[in-house]
Amino acid sequence: MEDLPPIAITEQNPFCLEMMKRLNIQRKQGHLCDITLITKDDQELKAHRNVLSAASPFFCKLLQSDMKENREGVVRFEEISESIMEDVLEFIYTGTVEVTQENADELVAPTNYLIVPNLKTIPGRYLQQKMCATNCISTFYFAEKYDCEELVSDSKSFIHENFASVAVMDEFLSLEAKEVERWISSDEIVVEAEADVFQILQKWVEHDKSERKAAFEELLRHVRLDFVSRDYLLNVVTNELVRDNAGCFRLVSDAIKQTTFSSDDNLSQSPRKGLDTRAIVACGEEYAFCYVPQKDEWKRLPNRLAKEQFNNLSTNMIRFRDQLFMFHYWGRSERYDPVFNGWSSVPFDIWQDKVTVIGGELFSIDQTFKKIKGVKKLSKTTTIKKFLVESCSWKQFHSSSECYRKESCVIGSGNFLYLLGGKFPRTSQYVAKADRFDITEKKWEEITDMQQARGGAFGVATQENIFVAGGADKENTVLITCEVYNVSSNEWQLIANLNVCRTHGSMVCHGGTLYVLGGFDQTKENPEYSVECYDSTQGKWIVKTTIPVEKDCKNEYAFKGCVLNFSKGVLDNLADAVEQKVNAVYDSTLSKWIMETTIPVERTVGKYVNSKAVC
């Protein structure tokens, strides 16, 4: 070996680099080497034990053992070629290596075996740069096989983010059923709509139908059918793969029923993260907004059709068959279709007081009066009607002289219509009385009275609980309290108070969290614009945001709200109303919280859809 001049560098890092560079020169010249590595093509490479042991736990353990390789100073590698071993040694000695198309794949396995993780990362990053829809599946399984953590994460993210295009490639279509299940069961896959996942599954089965048909039912369970539109499900149920399999047919049929449930908390599945496009819609007068809790932002919807005065006390706002419906006291009804992002009039012609959804069907309740021959007084009758989708008409479902109360809170849950609080006709005092109507047995039954008398209260059903808040008490004082009814135990229990007194508002459940919005404040005249959510971990209500009403319209328009599913494309393309942070200040003189916020909103042109049918 030719003599090298002394290292003249005094800084630590450059000194170490220069020293390793010189050790590498010695290695290549065979100088002071004490270990020989023999590759699969019978080529010998010399190295230094101490250097290999310091860089690789594999060599460190081997060269301190009593094994033959340590005693003889010769280590044979049956699966590593000379060129790859040279690349490994080059990296161990210098910390650098040239990665090319030819050696990228081949470097990963040896470095995994020899436990040189820093070197394994370099070809992994090269493979990541070359990744595309056609090779990302094989790249992922390759990275997983050799424990390339960074490449596993990057390739998985790529597949999730581009799943719709990846799933039509040969690599995906060649996967075994258990691997397809692994991907389509993930919350992370990004698709335009859940219906795309069904189409992907169908295409995979059709790729080798005779062999894969048997796996279809199990894989179908991983399609989030609860988040597929009803119209699409009606087509799916006639699909050959579904129609010919009793289990699949039952899954889709159950999903068709489930799509019309009034509360998303009843759903057995959760949406994929990229498709969690449920939003809280708030409507007042001609204005319509939607609030996206995940992003804490408001979006502007097209203005409503109805220009008449918005009567908050007698306007019903519900979700039915993937659309939003508003029923007004003068008999006019309108709906918002989130697919077309437009409003249309509908021929419901309903004059009933309250409307709710029970078991996927639309029911109304009101009091009617009948004149009895020979009797001066009118007969009061509580009438429940059911909406017939096929004929777009209402049919009387049940009639009795029991239960009806004005300004009561009506909630549909399970097989029951709950009638909570309110006041009896020709009286002014609100009561705590609670009843429910069994739509299966067609009969009324009393349940335990609420903790407080309430009129103009609002609530929502969530699984085994009924939540009710606000309204006014016996003295006609607007309430701040909230209580919950346990269906199983038939008991009411008070929970944390709201932050502001509120009557004739709305309560909704979004992703398992309760929200309260709209209605009027303690004056019963001024609209309340704050939006509160219930933090179950802290057991208290938190002011989350405010409805973005233009400043010149404040104290004019009261709002109602409900939860609605949007398609991802529609939600993304809606104009922002305002992104705001709410400052809540407690005014001790008024004994209420005041929201400090400025709310400038751009007026947008609404899109209207002419339609005459619901179905």
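About the criteria used
Residues numbered from 1 in each chain as written. Predicted model: local features only at pLDDT ≥ 70, side-chain atom pairs only at ≥ 80, totals over all residues. Heavy atoms only, no water. Helix = DSSP H or I, 4+ residues; strand = E, 2+ residues; numbered from the N terminus. Buried < 20%, exposed > 50% of the residue type's maximum accessible area, 1.4 Å probe, protein only. Contact = heavy atoms within 4.5 Å. Areas by Shrake-Rupley, 256 points an atom, 1.4 Å probe, with all protein chains shown as cover. Salt bridge = Lys/Arg side-chain N within 4 Å of Asp/Glu carboxyl O. Core = buried A, V, L, I, M, F, W, Y, C linked by side-chain atoms within 4.5 Å. Domains from an automatic or database assignment. Patch = residues over 30% accessible without salt bridge, like charges linked within 9 Å, V, L, I, M, F, W, Y side chains within 5 Å. Lys, Arg positive; Asp, Glu negative; His and termini not counted. Charge placed at Lys NZ, Arg CZ, Asp CG, Glu CD. Arc of directions from axis to C-beta. Phe/Tyr/Trp six-rings, centres within 6.5 Å; stacked < 30°, edge-to-face > 60°. Lys NZ or Arg CZ within 6 Å of the ring centre and 35° of its normal. Expected span 1.5 Å × (residues − 1). Pairing = 2+ DSSP bridges. Axes fitted to C-alpha atoms, helices over the stretch in contact; angles between N-to-C directions. Parallel < 35°, antiparallel > 145°, perpendicular 65-115°, else oblique. Left-handed = near helix turned anticlockwise from the far one by under 90°. Nonpolar A, V, L, I, M, F, W, Y, C, P; charged D, E, K, R; others polar.

A. Expanded view of the overall build of the protein chain. Scanning the protein chain for helices and strands turns up 19 helices and 30 strands. Looking at the protein chain as a whole, 52% of its 615 residues are labelled buried. When contacts within the protein chain are restricted to residue pairs at least 6 apart in sequence, long-range pairs at least 24 apart make up 56% of them. Surface exposure of the protein chain reaches about 29200 Å², of which carbon and sulfur atoms provide 47%.

B. Looking closely at the pattern of salt bridges. Counted under the stated rule, the structure contains 25 salt bridges. Here E297 ties to K299 by a salt bridge, and the two come within 3.7 Å at their closest N and O atoms. The residue D435 makes a salt bridge to R405 at a minimum N-O spacing of 2.8 Å. Highlighted residues: D435 in strand 17 (residues 434-438) and R405 in the loop between strand 14 (393-400) and strand 15 (409-413), separated in sequence by 30 residues. According to the relative accessible area criterion, D435 is buried, its value standing at 1%. When its relative accessible area of 0% is taken as the criterion, R405 is described as buried. Several salt bridges share partner residues, and in doing so they unite R27, K28, E86 and E90 into one network.

C. Representation of the side chain of S413 within the structure. With respect to the secondary-structure elements, S413 resides in strand 15. Aside from chain neighbours lying at most four places away, what touches S413 is Y418, A461, Q463 and I466.

D. Examining the environment of S345 more closely. Within the secondary structure, S345 sits in strand 10 (residues 342-346). S345 sits in the partly exposed class, given a relative accessible area of 32%. For the pair S345 and F325, spaced 20 residues apart in sequence, the C-alpha to C-alpha distance is 9.7 Å.

E. Broad picture of the nonpolar core. Counting 75 residues, the largest nonpolar core has L37, F77, F163, F172, F216 and V252 as the members making the most contacts within it. Shared between two domains, this core holds at least three residues of each, these being domain 1 (1-130) and domain 2 (175-274). Ignoring sequence-local partners within four residues, the contact set of F172 consists of I137, F163, V166, A167, V180, W183, I200 and W204.

F. Summary view of a negative patch on the surface. A grouping of D41, D42, E44, E78, E79 and E82 is seen on the molecular surface, where their side chains present a negatively charged patch. If you trace the backbone, E44 turns up in strand 2 (residues 44-47). Among the residues examined, E44 registers a relative accessible area of 53% and is labelled exposed.

G. Helix 12 (residues 177-184), seen in detail. Those residues of helix 12 not exposed but buried are E179, V180, W183 and I184. Axial view of helix 12: buried residues confined to an arc of 130 degrees, hence all on one face. Taken together, the buried residues of helix 12 touch helix 8 (136-145), helix 9 (149-161), helix 10 (163-166), helix 11 (170-173), helix 13 (195-207) and helix 15 (216-220).

H. Representation of the packing of aromatic side chains in the model. In total, this model carries 27 aromatic pairs according to the counting rule given. The cationic tip of R27 hangs over the ring face of Y93; the distance from NZ or CZ to the ring centre is 5.3 Å. The ring of F416 is capped by R436, whose NZ or CZ atom sits 3.8 Å from the centre of that ring.

I. Structural context of helix 13. Look at helix 13: 19 Å from first C-alpha to last across 13 residues, which is about the 18 Å you get at 1.5 Å a residue. Among the residues of helix 13, A195, V197, F198, I200, L201, W204 and V205 are the ones counted as buried.

J. A look at the sheet that holds strand 1 (residues 35-38). Ordered by their spatial adjacency, three strands build an open sheet running 2-1-3, and the pairing between neighbours is mixed. Single-partner strands in this sheet number two, and they are strand 2 and strand 3 (74-76). Recorded for the sheet is a direction-independent mean angle of 25 degrees between the axes of neighbouring strands. Examined bridge by bridge, strand 1 and strand 3 share three bridges and lie parallel to one another. When the bridges of strand 3 are listed, L37 appears paired with V75. Each of strand 1 and strand 2 touches helix 5 (residues 82-94); the most contacted strand, strand 2, lies at about 10 degrees to it.

K. Region of interest: the packing of helix 8 against helix 9. For the pair helix 8 and helix 9, the least separation of the axes is 8 Å and the interaxial angle reads 155 degrees. Between helix 8 and helix 9, the angle is such that the two are roughly antiparallel. Two packed elements cross with a definite hand, and for helix 8 against helix 9 that hand is left-handed. On the side of helix 8, the interface is formed by C136, I137, T139, F140, A143 and E144, while helix 9 contributes L151, V152, S155, K156, F158 and I159. Taken together, the residues that form the contact of helix 8 with helix 9 break down as eight nonpolar, two polar and two charged.

L. Molecular detail of the sheet that holds strand 25 (residues 530-535). Reading across from one edge, 23-24-25-26 is the order of the four strands in this open sheet, with antiparallel pairing throughout. Among the strands making up the open sheet, the edge pair consists of strand 23 (506-510) and strand 26 (540-546). For this sheet the average axis-to-axis angle between neighbouring strands, irrespective of direction, equals 30 degrees. Bridging between strand 25 and strand 26 involves six bridges; their strand directions are antiparallel.

M. Fine view of the environment of M19. Its location among the elements puts M19 in helix 1 (residues 12-29). What makes M19 partly exposed here is its relative accessible area of 37%.

N. Broad picture of the pairing of strand 25. Taking burial as the measure, the six residues of strand 25 include six buried ones, the bulk of the element. Examined bridge by bridge, strand 24 (residues 513-517) and strand 25 share two bridges and lie antiparallel to one another. Across the sheet, residue V516 finds its bridge partner in strand 25, namely E532. Between the antiparallel neighbours strand 25 and strand 26 lie four residues, among them G539 with a positive phi of about 65 degrees.

O. Representation of the packing of helix 5 against helix 6 (residues 104-114). Close contact between helix 5 and helix 6 brings their axes to 10 Å; oriented N to C, the two are set at 60 degrees. What the angle tells us is that helix 5 and helix 6 run oblique. In this structure, the crossing between helix 5 and helix 6 has a hand that is right-handed. For the pair helix 5 and helix 6, the contacting residues are I84, D87 and V88 in the first and E106, L107, P110, T111 and L114 in the second. Of the residues in the contact of helix 5 with helix 6, the class split is five nonpolar, one polar and two charged.

Geometric descriptors of this kind do not, in isolation, establish any biological role.
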